[in-house]
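These are the residues of each chain, in order.
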Amino acid sequence: MKRYVIPVLSLGPALCLGLLSATVAKADTATGSQAFGMSAVQGAVGKYGQAIGANVRSMDPLGNFGGNVGYKNSGTGNVGAFNSGTGNVGAFNGNNNTSPTSGNGNIGAFNGNSNTGQYNGNSNIGAGNGNFNGGNFNGNGNVGAFNGNHNGRGNH
């Protein structure tokens with residue numbers, strides 16, 4: 001069976017590199033599955049999101065608007081629309097959080113919203129991740145959709 005590489009250049013080189021670094025894993029050649037280390041994924045996504053934020057701020061494409069690209073962003077270094085966190089790519093990320101340490105470095109849409117406490121809903125890839133968490137350190141480092149939502153008031 002031949003293995004093929006499908007080009008995803010339409011996503012842009014920076015996003016491709018970020019996604020590749022976020023999904024580096026050992027492949028099981030017998031089943032074709034991959035084993036992901038969540039700490040590696042979370043670290044890669046967080047670094048990528050923050051790097052995007054730094055790059056957008058340094059470009060300052062919108063003059064006095066805090067280095068955001070898109071519509072109605074109130075955070076810093078966001079690409080997309082309706083973002084309030086820092087270094088988010090997509091739309092509707094990092095909104096209605098009680099702490100500036102929540103809802104940051106997300107890629108996709110509807111990530112890291114309406115969290116109470118600190119360090120909730122950060123470094124997610126996909127859609128609908130890391131929302132409505134209480135306490136501290138909940139709903140972080142998710143890949144896919146609808147993960148890490150509605151966790152309790154404890155610390156994880």
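Anything mentioned here points back to the structure above.
Summarised in this report is the structure supplied together with it. These figures come from a predicted structure and were not determined experimentally. (Residues numbered from 1 in each chain as written. Predicted model: local features only at pLDDT ≥ 70, side-chain atom pairs only at ≥ 80, totals over all residues. Heavy atoms only, no water.)

1. Quick notes on the overall build of the protein chain
From N to C terminus, the protein chain includes two helices and eight strands. Mapped in sequence order, the helices and strands of the protein chain form the string α-β-β-α-β-β-β-β-β-β. The burial tally for the protein chain puts 37% of its 156 residues in the buried class. For the protein chain, the share of sequence-separated contacts (at least 6 apart) that also reach a separation of at least 24 residues comes to 10%. Working note: accessible area of the protein chain is about 8700 Å², and carbon and sulfur atoms make up 63% of it. (Helix = DSSP H or I, 4+ residues; strand = E, 2+ residues; numbered from the N terminus. Buried < 20%, exposed > 50% of the residue type's maximum accessible area, 1.4 Å probe, protein only. Contact = heavy atoms within 4.5 Å. Areas by Shrake-Rupley, 256 points an atom, 1.4 Å probe, with all protein chains shown as cover.)

2. Notes on the packing of aromatic side chains
Applying the stated criterion to the full structure yields four aromatic pairs. Where Y119 meets F137, the ring centres are 5.1 Å apart and the plane angle is 5 degrees; that geometry is what we call stacked. Taken as a pair, Y119 in the loop between β6 (107-109) and β7 (125-127) and F137 in the loop between β7 and β8 (143-145) lie far apart in primary sequence, 18 residues in all. Take Y119: its relative accessible area is 37%, and that puts it in the partly exposed class. On the basis of relative accessible area, F137 is assigned to the partly exposed category, the value being 45%. (Phe/Tyr/Trp six-rings, centres within 6.5 Å; stacked < 30°, edge-to-face > 60°.)

3. Details of the side chain of N122
Looking at where N122 falls in the secondary structure, it is placed in the loop between β6 and β7. If near-sequence neighbours (up to four positions away) are discounted, N122 is found in contact with T101, S102, G103, N104, N106, G139, N140 and G141.

4. Details of the environment of G121
Along the chain, G121 turns up in the loop between β6 and β7. On the accessibility criterion, G121 (0% relative accessible area) is buried. When the C-alpha atoms of G121 and G141 are compared, they prove to be 7.9 Å apart, with 20 residues separating the residues in sequence. Setting aside anything within four residues of it in sequence, one finds G121 in contact with G103, N104, N106, G112, N115, G130, N138, G139 and N140.

5. Quick look at a nonpolar patch on the surface
A cluster of nonpolar residues, Y71, F82, F92 and F110, forms a patch on the protein surface that exposes about 400 Å² of accessible area. By secondary structure assignment, the location of F110 is in the loop between β6 and β7. Judged by its relative accessible area of 46%, F110 is partly exposed. (Patch = residues over 30% accessible without salt bridge, like charges linked within 9 Å, V, L, I, M, F, W, Y side chains within 5 Å. Salt bridge = Lys/Arg side-chain N within 4 Å of Asp/Glu carboxyl O.)

6. Quick look at the sheet that holds strand β5 (residues 89-91)
Pairing is parallel across the open sheet formed by six strands, whose spatial order is β3-β4-β5-β6-β7-β8. The two strands at the open ends of the sheet, each matched to only one other strand, are β3 (69-71) and β8. Neighbouring strand axes in the sheet, compared pairwise and without regard to direction, differ in orientation by 5 degrees on average. The pairing of β3 with strand β4 (residues 79-81) spans three bridges and is parallel. Bridge assignment links G70 to a residue of β4, and that residue is G80. (Pairing = 2+ DSSP bridges. Axes fitted to C-alpha atoms, helices over the stretch in contact; angles between N-to-C directions.)

7. Focus: the side chain of N104
Along the chain, N104 turns up in the loop between β5 and β6. On the accessibility criterion, N104 (11% relative accessible area) is buried. Reaching out from N104, the side chain makes a polar contact with the backbone nitrogen of T86 at a distance of 2.8 Å. (Polar contact = N/O pair within 3.5 Å; in protein donor to acceptor, adjacent residues only side chain to side chain.)

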